[in-house]
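# Observations on the three-dimensional arrangement
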Amino acid sequence: MYSVDIYNRVRRACLKDGMSAREAARYFNKDRKTIAKMLRHALPPGYRRSEAPRRPTLDDYVGVIDKILRTDKALIKKQRHTAKRIFERLRDEHRYAGSLTTVTYYVREQKRRTKEVFVPLSHRPGHAQVDFGETLGVIGGVECKIHFFVMSLPHSDAVFVKGYPAETTEAFCDGHVSAFAFFGGIPQSILYDNTKIAVARILGDRTRIRTRRFTELQSHYLFDDKFGRPARGNDKGNVEGMVGYTRRNFMVPAPRYDSFDDLNTHLEEKCLARQGDTLRGHTQTIGARLMSDLDALMGLPIAEYEACDHVSTRATSISMVRYRSNDYSVPVARYD
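Residues numbered from 1 in each chain as written. Predicted model: local features only at pLDDT ≥ 70, side-chain atom pairs only at ≥ 80, totals over all residues. Heavy atoms only, no water.

### Description of the overall build of the protein chain
Of regular secondary structure, the protein chain possesses eleven helices and ten strands. When the backbone C-alpha atoms are referred to their principal axes, the protein chain occupies close to 120 × 60 × 40 Å. Relative to its 336 residues, the protein chain shows a buried fraction of 37%. The contacts of the protein chain with a sequence gap of at least 6 include a subset with a gap of at least 24, amounting to 60%. Of the side-chain charges in the protein chain, 56 are positive and 41 negative, and the distance between the mean point of each set is 13 Å. (Helix = DSSP H or I, 4+ residues; strand = E, 2+ residues; numbered from the N terminus. Buried < 20%, exposed > 50% of the residue type's maximum accessible area, 1.4 Å probe, protein only. Contact = heavy atoms within 4.5 Å. Lys, Arg positive; Asp, Glu negative; His and termini not counted. Charge placed at Lys NZ, Arg CZ, Asp CG, Glu CD.)

Take a look at the structure:
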């Protein structure tokens, strides 16, 4: 292979100084085909195959290997085939007589070609992502697990956080109502994972059947919903990062408050204070960039959504109703 220097000299002589290819071949003592190649490529192109490599032993089994690799994508990583296991199946089930090395090279190349690639995203103003996180804390003197609702606006990196004793339907709905009030508007769309609070079932074509409570929430505020692929946290990477960030920065050391109201006052103050930060790669503060998000939000309805769970039940003979394994008394009226 010729050096970059000779490529540079030939190209300068022909393309800049006006020397013909015939003259260059004679002057540099090179074949005319070599000179033509140097004029086509700025750098030595290296060896290039004129056709795909032939694998006489393996070619008849490539379809089987490709099918196994496609099927593996639907499985968790710990249950996927290794190259050695594919080789064993080809040998035992399909009478493959080739070597393990040939199978290994092919499997490695196929995985490299189909490997998922990530690129930085640019987010439009007025769109949000939602997720829940967990941490430990002390509320009212009792150590407990705190479930915190997080809504982020990826365009500006603004965030809203609110803590709850459990990740319930009521907490999910109340988190939305509180976040909308905090930002003063409703995002045009919100991206979720496939939480059972919002998704009752995923059909074979990946169509989501929404739960009734989530459908009511969406109908009240009229935002569009989007859902990430199952087990793919990177689909909503902004809010995933915010869950970890707010846990490390807002709730370390472990929060100790008399009530969840006091905790949430602390979290809201932290969210507001963070808007004065300037993140790496940006020249404006989060608060300054938030203005574009706020301009793109939809207006709030006149009435807030009632963030509670509705259950039909019957009162017992002693005027008690049961809800989530607990009995509650109900008001009674006496008629004479």
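Picking up where we left off.
### Some thoughts on the pairing of strand β4 (residues 189-192)
The alternating pattern of β4 places Ser189 and Leu191 on one face and Ile190 and Tyr192 on the opposite face, and all of these are buried. Pairing analysis gives three bridges linking strand β1 (residues 127-139) to β4, with the strands arranged parallel. Considered in β4, the bridge of His127 is made with Ser189. For β4 and strand β7 (residues 224-227), the ladder comprises four bridges, and the chain directions are parallel. Across the sheet, residue Ile190 finds its bridge partner in β7, namely Asp225. (Pairing = 2+ DSSP bridges.)

### Observations regarding the environment of Lys77
Mapped onto the elements of the fold, Lys77 is located in the loop between α4 (62-72) and α5 (83-94). Accessibility expressed as a relative area gives 70% for Lys77, which makes it exposed.

### Side note on helix α11 (residues 286-296)
For α11, every residue scored as buried is listed here: Ile286, Gly287, Arg289, Leu290 and Asp293. The arc enclosing the buried residues of α11, seen along the axis, measures out at 150°, which places them on a common side. Lining the buried residues of α11 we find β1, β2 (142-153), β3 (158-164), α7 (169-183) and α10 (260-274). (Arc of directions from axis to C-beta.)

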